[in-house]
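Given next are the chains, with one letter for each unit.
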Amino acid sequence: GGHRPRQTSRVRQFAADMASQLIANLEACASRDDLGDICQAIEEAPSFDQLALAQLAIASGEAEVTAAALGRIESRLGAALGAHVAARYSELITEVDAVRSLEARLVQSHSRVERLAATVRRVRTTTVGQHEQLSGRVSQLEHMQECSSLLRRVQRLLYLCWRLHEAVDASKARRSAGGGAGSGA
């Protein structure tokens, strides 16, 4: 039981020291009204528990003093930020205009890319359809060529059969004409 209160008081003292150090660093920097120094002080300051700071300020009875110190820091930070913006107003406005111009170009580029992608999809669909149609027609042409070749062979065979039939008929006619003359002589 005795160990717990001592540890809690150490944690409270550590948090109070860190909070005091942060407030002191910020007050020192804020008095110079240099935003860069203030930002650096905030980055270099050890992190602290905000809830612990509030509880310590209330428990120690220094809540008003801490709030006043934080208020002074806030007003100095506001003044430093205002001075920084005022000193670089035209530069910041130029940067804002440049960003807006870039955003407009980006929107236009994005729109063009979307249209180009839609065109690519449409061309791909058309091309694939035409390729499939052409493939089907090439296959049909191959079948027609095979049929044509077969038809030529059949025609040649029919022609040869007709010639054979004519030759057989002529041979029969010669035999009957030769046989009738031979038997009559």
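Computed from a predicted structure; not experimentally measured.

Chemist: Describe the overall build of the protein chain, naming the residues involved and giving the relevant values.
Modeler: Scanning the protein chain from terminus to terminus reveals five helices and zero strands. Start at the N end of the protein chain and walk to the C end: the helices and strands fall as α-α-α-α-α. The buried share of the protein chain, reckoned over its 185 residues, is 11%. Across the protein chain, contacts joining residues at least 24 apart in sequence account for 69% of those joining residues at least 6 apart. Working note: accessible area of the protein chain is about 14,800 Å², and carbon and sulfur atoms make up 58% of it.

Chemist: With reference to specific residues and values, describe a nonpolar patch on the surface.
Modeler: Taken together, the side chains of Leu81, Val85, Tyr89 and Ile93 make up a nonpolar region of the molecular surface, amounting to roughly 360 Å² of accessible area. At the level of secondary structure, the elements contributing two or more residues to the nonpolar patch comprise helix H4 (63-87) and helix H5 (89-184). In this structure, Val85 sits in helix H4. Looking at Val85, the relative accessible area reads 35%, which means it is partly exposed.

Chemist: So what about the confidence of the model for the protein chain? Which residues, and what values?
Modeler: In the predicted model, the protein chain carries a mean pLDDT of 80, and the fraction of residues at 70 or more is 69%. Looking at the elements of the protein chain, mean pLDDT is at its lowest for helix H1 (residues 3-30), recorded as 62, and at its highest for H5, recorded as 91.

Definitions and cut-offs
- Residues numbered from 1 in each chain as written.
- Predicted model: local features only at pLDDT ≥ 70, side-chain atom pairs only at ≥ 80, totals over all residues.
- Heavy atoms only, no water.
- Helix = DSSP H or I, 4+ residues; strand = E, 2+ residues; numbered from the N terminus.
- Buried < 20%, exposed > 50% of the residue type's maximum accessible area, 1.4 Å probe, protein only.
- Contact = heavy atoms within 4.5 Å.
- Areas by Shrake-Rupley, 256 points an atom, 1.4 Å probe, with all protein chains shown as cover.
- Patch = residues over 30% accessible without salt bridge, like charges linked within 9 Å, V, L, I, M, F, W, Y side chains within 5 Å.
- Salt bridge = Lys/Arg side-chain N within 4 Å of Asp/Glu carboxyl O.
- pLDDT = per-residue confidence, 0-100.

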